[in-house]
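What follows is each chain in one-letter form.
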Amino acid sequence: MSKRSIPQKTFAKITCPNPDPDTLALAARVAALPCDLERLILELVGEERFKLYPFVLREINWCFKYPEYAGEMVRKYQGVKMGSEILEDIKEGRKFSDKDRLYLSGYFGKDVFNFNSPNSSFGIEIPWGNTTTSLRWNHLFNDKLFLNTSFIYSDYLFQLGIEQSLFEFKLSTQITDWNTKVDFTYLPNLRHSIKFGTQYTYHTFMPASVSGQSGETIFSPETIFKQYANEGSLYFSDDYELSDRIKLNFGGRFTAFQHGGHIAVLDMIGNELKQNKEDQYRHFEPRFSARYSINPNTSLKSSYTQNYQYIHLASLGGMSMPMDLWLPSSTIIKPTKGVQYTTGIFKNFKDNSIETSVELYYKEMENLIEYKEGSFPEDNANGRQDELLAFGKGQSYGAEFFVKKSVGKITGWIGYTFSHTFRTFPDVNNGEPYPAKYDRRHDFSAVVTYTLNDKWTFSSIFVYATGSAITIPNERYLIDGKIYTEFTTKNGYRMDAYHRLDISATYTPKPHKKYKSSWNFSIYNVYNRLNPYFIYLDIEDKTPDGSGSWENGGLSPKASQVSLFPIIPSITWNFKF
């Protein structure tokens, strides 16, 4: 999520590098780790009128199949397995004329996380993946006007399976999009850049499909509930250098979201012409930013952004497991409104070799969603999830500090962010403010690179982040043979902080006449930090013969932490010819 000014046309952008039309080369990277891993990356570019840029990566049974590689400590990760079953990325470009190019890109990726507790019956499986294909046409009208047209298909699928004793539970959520974008760039002169365009997306949502088994009882959906929506936008952005000291950017987006009725493009257009408010939302999102240069080395920047989000993230704060669902706006769920203000000072030192900045931001949010206290997706299995939600508002503010050195044998950067994000819901936490699930009070990172000579380069990375806020039970008791659980305040418990240190060394031998190569030696998580992934609750039997019960006091609740990624050494060989 951007804390600075948000772009006019999009919130996230993923691109593949364009091949060099004047070269024919083959490059590959082979990595070896102490686990069942295969990795091979190939690049191939060729003739001017046809380019191919394939990227192939295959990783299986990621790093936790053989715990003996990391000695005693890795046994704490025993039973954890994570991997990418297959991941492919291919890009093809064809030049039809000096003013036209056509690109075809594709990507498919699927990851699987498995955990089985060695001391209890608890087990969890989390497969997730993305599929996307895009066709992009670039056209140059003249030296001042450029067109980029894209047709994109994307599919996201997330599943969560839990087993404990005689209970099995599986949840699936999915989003499928068909997207069309038309973007123009107009350059009247060197000081003036204008961008405008339109975007349309057809959404298909499967918010929550639930199946499972309790003892001998099996429950599964007869039909899968789906929701459909149209989303469209028109945007305009003007980037203008008023003078050598003042630079302005202003513009806005008009957005529309059809959530009901007959979902089709013509119906969406008809709703716009009729100004139908029953099945369609529409909003204008203004944006403005300015930069003032005090001198060649110092500048001030400020921005104002207003935006509406029609797709919502519903988090289960009562669970530390990754169980977040994406839901569309509806007659019940209103679009989330966000208003953000930022300001900062940027200053360079020593002939611009050192960059520094301090930024402040504040954001207000309306129409946020949370699951009601005691509600879970399975409560309305395979039905409308918006009936289980509570609605409220939120605020976020903080400060970012950044220092970067880009010249010399020692380079790198240090960044620190102090932030506070909280929510206020009338029907949650007795109406009292509480921290958001992803509230991260402290976020620190440092990257240092040392270039010893033309052959050897050394680097290290250190990161630290405040633990996630979750809701956990703080007391469990027995009344008339029934078990009752008392919870902490909403998100009133913090998981352990996340931190780790990575180091690496790269050796680049003297280039051969026919090929180039390099070796990279790295260690991930040098001091083998047990960073938390999630916490699950189990029952511990304290009696010697295993006959404990709640009545005799032999059973007690126990919280267990599952961690990911122990110390991982690796060697990578890169070559190109």
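Below is a summary of the structure that appears in this document.

Procedures and definitions
- Residues numbered from 1 in each chain as written.
- Predicted model: local features only at pLDDT ≥ 70, side-chain atom pairs only at ≥ 80, totals over all residues.
- Heavy atoms only, no water.
- Helix = DSSP H or I, 4+ residues; strand = E, 2+ residues; numbered from the N terminus.
- Contact = heavy atoms within 4.5 Å.
- Areas by Shrake-Rupley, 256 points an atom, 1.4 Å probe, with all protein chains shown as cover.
- Buried < 20%, exposed > 50% of the residue type's maximum accessible area, 1.4 Å probe, protein only.
- Pairing = 2+ DSSP bridges.
- Salt bridge = Lys/Arg side-chain N within 4 Å of Asp/Glu carboxyl O.
- Core = buried A, V, L, I, M, F, W, Y, C linked by side-chain atoms within 4.5 Å.
- Phe/Tyr/Trp six-rings, centres within 6.5 Å; stacked < 30°, edge-to-face > 60°.
- Patch = residues over 30% accessible without salt bridge, like charges linked within 9 Å, V, L, I, M, F, W, Y side chains within 5 Å.

Structural notes on the overall build of the chain
The secondary structure content of the chain amounts to one helix and 32 strands. Taking as baseline every contact in the chain between residues at least 6 positions apart, the subset at least 24 positions apart corresponds to 62%. As displayed, the chain offers around 31,300 Å² of accessible surface, 57% of which is attributable to carbon and sulfur atoms.

Digging into unusual backbone geometry
Despite not being glycine, Asn429 shows a phi value in the positive range, around 60°. Note on Asn429: relative accessible area 11%, which makes it buried. Of note in the backbone geometry, Asn430 takes a positive phi value of approximately 60° without being a glycine. When you line up the elements, Asn430 lands in the loop between β20 (410–424) and β21 (434–435).

A short note on the pairing of β20
Bridge count between strand β19 (residues 389–405) and β20: 13 bridges; the pairing is antiparallel. Opposite Phe401, over in β20, you have Tyr416 as the bridge partner. Connecting β19 to the next strand, β20, in antiparallel fashion are four residues, including Gly408 with a positive phi near 110°. Bridge analysis of β20 against strand β22 (residues 442–451) gives nine bridges, and the strand direction is antiparallel. Across the sheet, Gly415 pairs through a bridge with Ser445, a residue of β22. As defined by bridge partners, β20 adjoins β21 across two bridges and the pair is classed as antiparallel. Opposite Arg423, over in β21, you have Tyr434 as the bridge partner.

Focus on helix α1 (residues 265–274)
All buried positions along α1 are accounted for by Met268, Gly270, Asn271 and Glu272. Positive phi appears at Gln275, one or two residues downstream of α1, with a value of about 55°.

Things to note about the pattern of salt bridges
Per the counting criterion, the structure on display carries nine salt bridges. Residue Arg253 pairs with Glu285 through a salt bridge whose shortest N-O separation is 3.2 Å. Within this pair, whereas Arg253 is found in strand β12 (residues 246–258), its partner Glu285 is found in strand β13 (residues 280–295), the two being separated by 32 residues in sequence. According to the relative accessible area criterion, Glu285 is buried, its value standing at 0%. Close ionic contact of Arg282 with Glu272 constitutes a salt bridge, the shortest N to O distance being 3.1 Å.

Brief notes about the nonpolar core
Membership of the largest hydrophobic core comes to 23 residues, with the highest contact counts inside it found for Phe113, Phe115, Phe122, Ile124 and Phe534. It is strand β7 (residues 145–164) that provides the largest number of residues to this core, a total of three residues. Core analysis: the second largest hydrophobic core is formed by eight residues, Ile175, Phe205, Ala229 and Tyr281 among them.

Section: the packing of aromatic side chains
Enumeration over the complete set of coordinates arrives at 13 aromatic pairs. Considering the side-chain rings of Phe184 and Phe196, the 5.0 Å spacing of their centres and the 10° angle between planes classify their relative orientation as stacked. Residue Phe184 is located in strand β8 (residues 167–189), and its partner Phe196 is located in strand β9 (residues 192–214); the two are separated by twelve residues in the primary sequence. Taken together, the ring pairs connect Phe141, Phe184 and Phe196 into an aromatic cluster.

Some points on a nonpolar patch on the surface
Among the surface-exposed residues, Tyr292, Ile294, Leu300, Ile345, Val358, Leu360 and Phe401 lie close enough to one another that they form a single nonpolar patch of about 560 Å² accessible area. For the nonpolar patch, the secondary structure elements donating two or more residues are β13 and β18 (354–371). Here Tyr292 shows up in strand β13. The exposure class of Tyr292 is partly exposed, given its relative accessible area of 38%.

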